[in-house]
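# Structural features, examined
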Amino acid sequence: MDADEPHTGRALAHRPSSALTPPPRAPARAAAPAAPTRLTARLQRAHAIADLRRQAARRLPKAVFDFIDGGAEDERTLRDNVEAFDAWMLMPRVGVDVGTRDLSRPILGYPSSLPIMMAPTGLAGFFWPDGEVAGAQAAARAGIPYCLSTNSVGSIEHVAEGAPEGERWFQLYFLRDREWMQALLHRAAAARYRVLCLTVDLAVQGRRERDLRNAFTMPLRPRLSTALDLARRPAWLAGAARSRLGFGNFEVAGSGFTSVAQHVASLFDPSANWDDIARIRDQWRGPMALKGLLHPADAEKAAALGIEAVIVSNHGGRQLDDVPAAIAALPDVAEAVAGRAEIILDGGVRRGTDVIKALALGATACSLGRPFLWGLSAGGSEGVSRAIEIFRSELDNAMTLLGTPALDAITRDHVRARRGGGW
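Residues numbered from 1 in each chain as written. Predicted model: local features only at pLDDT ≥ 70, side-chain atom pairs only at ≥ 80, totals over all residues. Heavy atoms only, no water.

Relative to the assigned elements, Arg 168 resides in strand β6 (residues 168-172). The buried charged residue Arg 168 lacks any salt bridge partner; its closest oppositely charged side chain belongs to Glu 165, at an N-O distance of 7.5 Å. Within the structure, Arg 168 has its side chain in polar contact with the backbone oxygen of Ala 163 (distance 3.0 Å). Separated by 3.2 Å, the side chain of Arg 168 and the backbone oxygen of Pro 164 make a polar contact. (Helix = DSSP H or I, 4+ residues; strand = E, 2+ residues; numbered from the N terminus. Buried < 20%, exposed > 50% of the residue type's maximum accessible area, 1.4 Å probe, protein only. Lys, Arg positive; Asp, Glu negative; His and termini not counted. Salt bridge = Lys/Arg side-chain N within 4 Å of Asp/Glu carboxyl O. Polar contact = N/O pair within 3.5 Å; in protein donor to acceptor, adjacent residues only side chain to side chain.)

Next comes the structure, spelled out in structure tokens:
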């Protein structure tokens, strides 16, 4: 086992509760990217997140790209997450001094330079070598939070060592082995992950039919039908060949080829309930976010438990199909929470104007999942930085034209519901 690979952690499970108190972190900036290269030039030709998606599709094997891009069953929720933003129009105001704009906002006490964060996304290191570290470094350069997934390729400790600066969160699922779950909590606190993000909408893996048709495994198992496609992706193959691929935080569970669905079924606990959530809240001494909420009553329960942030999310349309789009669920959640917790909107965010609509409807910030992975797959840490830069530019431009010099100036009055041809 390499030094940066995870230990079983069971000895850590008996540390005192103070071990779960993560220290405060200040915003940091890592070293600037290297001098312009061919990769830089290509990334600069990406003027929208959709351009990074196309670049990612060209670089990744189809089965790998589909793992990022796909959703559950008929993918209606996947599409609705994006299209539901069209139900809202922006209403500009004029005569406002917008000569300077402030795009910064505190997110759970961290002075983020933008109202966005990097969502926890599994297997980032499968799409680009050391992908979790690359993403965390880009987030640190930009001064925004980065959340590491339980299902990461790089372990908790490896990512902390590779990206020691900036704001790091750790995302946790409920596991059948609660002792192991406790060990992950202690490891995250010891490695200075300040915020815990507990995901509660993965009791069982959603039926992602693209992955089933592609027989997607981790690591990828070549088949005759995919050999030609793999051969046409030499850059990705070269990176995969020099990477140690696996579920970094679960390597003691065994090795070999496994579908993500099998991984979830074997390790994750579908019996977890609100009492279990309350116990985690009591154990973690730093800020905590609860991810995967759509119903306002669930958001109200989270706030009553003292959970500092609720993340309105349907898991990117990758779990239960035919549930509300995240932006459609947001207004009712905001009303239920009534300022008792911060609200992070997760799902379908592709434009700076999407961020503005979410803020106007009650969100504190937005979480980026696929945009982060498309940027990462297109160009590693530099590609993630390009995705952040695109959001920053679009947000700044839209705020100027909307007549809102600061994020706090964005209110419900700046959006109108679109009803057919009028409103």
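Now, onward.
The subject of this paragraph is the side chain of Arg 194. In this fold, Arg 194 is placed in the loop between α8 (178-190) and β7 (195-199). A polar contact of 2.6 Å, which involves the side chain of Arg 194, links it to the backbone oxygen of Leu 108. There is a polar contact of 2.7 Å between the side chain of Arg 194 and the side chain of Glu 167.

At a minimum axis distance of 12 Å, the contact between α8 and helix α13 (residues 274-283) shows a crossing angle of 35°. In this structure, α8 meets α13 at a crossing whose hand is right-handed. Of the residues in α13, those in contact with Arg 178, Met 181, Gln 182 and Leu 185 of α8 are Asp 276, Ile 280 and Gln 283. Within the contact of α8 with α13, the residues separate by chemical class into 3 nonpolar, 2 polar and 2 charged. (Axes fitted to C-alpha atoms, helices over the stretch in contact; angles between N-to-C directions. Left-handed = near helix turned anticlockwise from the far one by under 90°. Contact = heavy atoms within 4.5 Å. Nonpolar A, V, L, I, M, F, W, Y, C, P; charged D, E, K, R; others polar.)

Turning to helix α14 (residues 296-304), a few remarks are in order. Two residues of an α-helix separated by three or four positions point the same way, owing to the 3.6 residues in each turn. Buried within α14 we find Ala 299, Ala 302 and Ala 303. Taken down its axis, α14 places every buried residue within 95° of arc, on the same side. Against α13, β8 (288-293), β9 (309-312) and α15 (326-337) lie the buried residues of α14. Backbone geometry just downstream of α14 places Gly 306 in the positive-phi region, at approximately 85°. (Arc of directions from axis to C-beta.)

Applying the stated criterion across every chain yields a total of 8 aromatic pairs. Ring centres of Phe 67 and Phe 216 lie 4.6 Å apart, and the angle between their planes is 10°; this geometry places the pair in the stacked category. Highlighted residues: Phe 67 in helix α3 (residues 62-69) and Phe 216 in the loop between α9 (209-214) and α10 (224-231), separated in sequence by 149 residues. Linked through ring pairs, Phe 67, Phe 126, Phe 127, Phe 216 and Trp 236 together constitute an aromatic cluster. Directly above the aromatic system of Phe 67 lies the positively charged group of Arg 318, at a separation of 4.9 Å from the ring centroid. (Phe/Tyr/Trp six-rings, centres within 6.5 Å; stacked < 30°, edge-to-face > 60°. Lys NZ or Arg CZ within 6 Å of the ring centre and 35° of its normal.)

Turning next to the pairing of β7. With respect to burial, β7 is a largely interior element, 5 of its 5 residues being buried. Side chains Val 195, Cys 197 and Thr 199 of β7 all project onto a buried face; the interleaved residues Leu 196 and Leu 198 project onto the opposite face, where all are buried too. Note: β6 against β7, 4 bridges, orientation parallel. Bridge assignment links Gln 171 to a residue of β7, and that residue is Cys 197. Viewed along the sheet, the connection from β6 through α8 into β7 turns out right-handed. (Pairing = 2+ DSSP bridges. Right-handed = clockwise from strand over helix to strand, strands pointing away.)

Moving on: the nonpolar core. In terms of nonpolar packing, the biggest core is built from 112 residues, with Leu 52, Met 118, Phe 170, Tyr 193, Leu 198, Leu 330 and Leu 345 touching the most fellow members. For this core, the leading source of residues is helix α17 (residues 370-402), giving 14 residues. Those residues in contact with Met 118, other than ones at most four positions away along the chain, are Ala 139, Ile 144, Pro 145, Tyr 146, Cys 147, Leu 368, Phe 372, Val 384 and Ile 388. Counting residues in hydrophobic clusters, the runner-up holds 12 residues, among them Trp 169, Val 195, Ala 289 and Ile 344. (Core = buried A, V, L, I, M, F, W, Y, C linked by side-chain atoms within 4.5 Å.)

For the rest of this paragraph, the subject is empty space enclosed by the protein. Under the counting rule described, the total for this entry stands at 2 cavities of 30 Å³ or more. Estimates place the volume of the largest cavity at around 490 Å³. For the largest cavity, the lining is made up of 33 residues, of which Pro 120, Thr 121, Gly 122, His 315 and Arg 318 are closest to its centre. Secondary-structure elements contributing two or more residues to the lining of the largest cavity are α3, α12 (260-267), β11 (365-368) and α17. Counting residues per element, the lining of the largest cavity draws most heavily on α17, at 3 residues. Looking at the lining of the largest cavity, its residues break down into 14 nonpolar, 13 polar and 6 charged. Reported here for the second largest cavity is a volume of approximately 30 Å³. Taken together, Leu 114, Pro 115, Ile 116, Val 355, Phe 391, Arg 392 and Leu 395 make up the full set of residues lining the second largest cavity. A per-class count over the lining of the second largest cavity returns 6 nonpolar, no polar and 1 charged. (1 Å grid on protein atoms, 1.4 Å probe; cavity = no way out; pocket = protein on both sides within 12 Å on 5 of 7 lines; lining within 4 Å. Points joined across faces, edges and corners; volume = space filled by probe spheres on them.)

Where charged atoms of side chains with opposite charge meet at close range, the side chains can pair. One pass over the structure, following the stated rule, counts 24 salt bridges. Arg 233 serves as the salt-bridge partner of Asp 229, at 3.4 Å between the closest nitrogen and oxygen. In terms of burial, Asp 229 and Arg 233 fall into one category: buried. Salt bridges sharing partners connect three or more residues here, namely Arg 53, Lys 62, Asp 66, Asp 69, Glu 75 and Arg 210.

By themselves, these observations are geometric and do not establish any function.
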